[in-house]
Amino acid sequence: MAARYIEIKNSIRDDILSNRYRVDEKIPSERELSQLYGVTRVTLQKSMHLLEQEGLIERIHGKGMFVTRPLANDLYELNNGTGDSVLGFSREFSQVKVSSRLIRHQLLLPGPAIARQLEMQAEREVHFIRRVRLIDNTPVLVEDSWINAAVVATIPDEVLNGGSLYEYIETCTGKKIKFYNSVIEGDLFSREMANLLDIAPGMPMLKVSGVTKLEDGTAFNYSIGYNRADKFKIKNSWVGK
């Protein structure tokens, strides 16, 4: 049986696709919808986040949530670092089948540039992890991570292949993951990266680099995601004064 927030997301999605809520129309507020479905605001917000990811609604600050026309059914929305990207890839895209293929995992010295990002000494070890991430069995990105080994001493390969890394880290540290800042750049896939994704070299890429921190402000992960631009989109909203 699907989780309640998935059921609610599907119900609102059906209302949008059946034109009960029309494109550019404002939908009921989170408070009204949570009362309608008899759930907490937290549960309702999970549902709305999934609808945002699918490109069916958008939030306009100070005005509410509006129905929008999705760009394409097979595109996934990359978070710009201000929302639930902090949950990690597996949990952010929980409405689809997410899997991983571990390419490399080893302890090494980070070098000055990575050490600066992690606010650590370059002489201390990090886990270097390279994984191919798949959505519904299709390779969509290569993800490189440098994780401070002083914060997370061991990371089993079975977690990297099949589980949620961030959920494992929260369990190990006893702390919530709270902060994520990222930069998104355009680039082209090298032959090495393209081969990992079974695509042609030179295809367009959305390169996302960022630092993730625990709730106490400890930086523990610097990551670079090499995302297929034919599988992801970036949507920004702007409201004038």
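Here is what the cut-offs are and how they apply
Residues numbered from 1 in each chain as written. Predicted model: local features only at pLDDT ≥ 70, side-chain atom pairs only at ≥ 80, totals over all residues. Heavy atoms only, no water. Helix = DSSP H or I, 4+ residues; strand = E, 2+ residues; numbered from the N terminus. Buried < 20%, exposed > 50% of the residue type's maximum accessible area, 1.4 Å probe, protein only. Contact = heavy atoms within 4.5 Å. Areas by Shrake-Rupley, 256 points an atom, 1.4 Å probe, with all protein chains shown as cover. Pairing = 2+ DSSP bridges. Axes fitted to C-alpha atoms, helices over the stretch in contact; angles between N-to-C directions. Phe/Tyr/Trp six-rings, centres within 6.5 Å; stacked < 30°, edge-to-face > 60°. Lys NZ or Arg CZ within 6 Å of the ring centre and 35° of its normal. Salt bridge = Lys/Arg side-chain N within 4 Å of Asp/Glu carboxyl O. Arc of directions from axis to C-beta. Expected span 1.5 Å × (residues − 1). Polar contact = N/O pair within 3.5 Å; in protein donor to acceptor, adjacent residues only side chain to side chain.

Considering the overall build of the protein
Stage number 1. Helices and strands together make up the secondary structure of the protein, namely 8 helices and 10 strands.
Stage number 2. Taking all 241 residues of the protein together, 46% fall into the buried category.
Stage number 3. Excluding contacts between residues fewer than 6 apart, the proportion of contacts in the protein whose partners are at least 24 apart in sequence is 61%.
Stage number 4. Taken as a whole, the protein presents about 12600 Å² of accessible surface, with 48% of it coming from carbon and sulfur.

As for the sheet that holds strand β4 (residues 98-108)
Stage number 1. Pairing in this open sheet of 6 strands is antiparallel, and the strands run β4-β5-β6-β9-β8-β7 from one edge to the other. One side of each edge strand has no neighbouring strand; the edge strands of this open sheet are β4 and β7 (177-188). The mean inter-strand angle of the sheet, taken between neighbouring strand axes irrespective of direction, is 15 degrees.
Stage number 2. In terms of strand pairing, β4 meets strand β5 (residues 126-135) through 10 bridges, oriented antiparallel. The partner of Val98 across the bridge, within β5, is Ile135.
Stage number 3. Seen against the sheet, helix α5 (residues 111-118) touches β5, β6 (138-148), β8 (204-214) and β9 (219-228) and runs at an angle of roughly 110 degrees to β9.

A few points about the packing of aromatic side chains
Stage number 1. Counted according to the given criterion, the structure contains 3 aromatic pairs.
Stage number 2. Ring geometry for Tyr166 versus Phe220: centroids 5.7 Å apart, planes at 70 degrees, classification edge-to-face. Of the two residues, Tyr166 sits in helix α7 (residues 165-173) while Phe220 sits in strand β9, which places them 54 residues apart along the sequence.
Stage number 3. Judged by its relative accessible area of 0%, Phe220 falls in the buried class.
Stage number 4. One aromatic cluster is present, formed by Phe128, Trp146 and Tyr222 through successive ring pairs.
Stage number 5. Lys46 extends its terminal NZ or CZ atom over the ring of Tyr5, reaching a point 5.3 Å from the ring centre.

Here's the deal with the pattern of salt bridges
Stage number 1. Enumeration over the complete set of coordinates arrives at 12 salt bridges.
Stage number 2. Salt-bridge contacts for Glu192 lead to Arg130; the nearest nitrogen and oxygen are separated by 3.0 Å. Of the two residues, Glu192 is situated in helix α8 (residues 191-197) and Arg130 in strand β5; the sequence distance between them amounts to 62 residues.
Stage number 3. By relative accessible area, which is 13% here, Arg130 ends up buried.
Stage number 4. A salt bridge links Arg133 to Glu143, with the shortest nitrogen-to-oxygen separation between them at 3.0 Å. Remark: Glu143 occurs in strand β6 and Arg133 occurs in strand β5; sequence separation between them is 10 residues. Considered together, Arg133 and Glu143 belong to a single accessibility category, that of buried residues.

Section: α5
Stage number 1. Residues of α5 that are buried include every one of Ile114, Ala115 and Leu118, and no others. Buried residues of α5, viewed axially, fall in a sector of 100 degrees; they line one side. With respect to the buried face of α5, the exposed residues turned more than 90 degrees away are Pro112 and Arg116.
Stage number 2. Taken together, the buried residues of α5 touch β5, β6 and β9.
Stage number 3. A positive phi of about 55 degrees marks Glu119, the residue just after α5.

Structural notes on helix α3 (residues 41-53)
An α-helical segment advances 3.6 residues per turn. Residues three or four places apart therefore align on the same side.
Stage number 1. With 13 residues, α3 should reach 18 Å at 1.5 Å per residue; the first-to-last C-alpha distance of 18 Å fits that figure.
Stage number 2. Among the residues making up α3, those that are buried are Leu44, Ser47, Met48, His49, Leu50, Leu51, Glu52 and Gln53.
Stage number 3. The positive-phi residue at the C-terminal boundary of α3 is Gly55, with phi of around 75 degrees.

Topic: the environment of Ser100
Stage number 1. By secondary structure assignment, the location of Ser100 is in strand β4.
Stage number 2. Residue classification places Ser100 among the buried residues on the basis of a relative accessible area of 13%.
Stage number 3. Note: C-alpha distance between Ser100 and Val159 (59 residues apart in sequence) is 9.5 Å.
Stage number 4. Those residues in contact with Ser100 that lie beyond four places of it in its chain are Arg131, Val132, Arg133, Leu134, Leu160 and Asn161.
Stage number 5. Reaching out from Ser100, the side chain makes a polar contact with the side chain of Arg133 at a distance of 2.8 Å.

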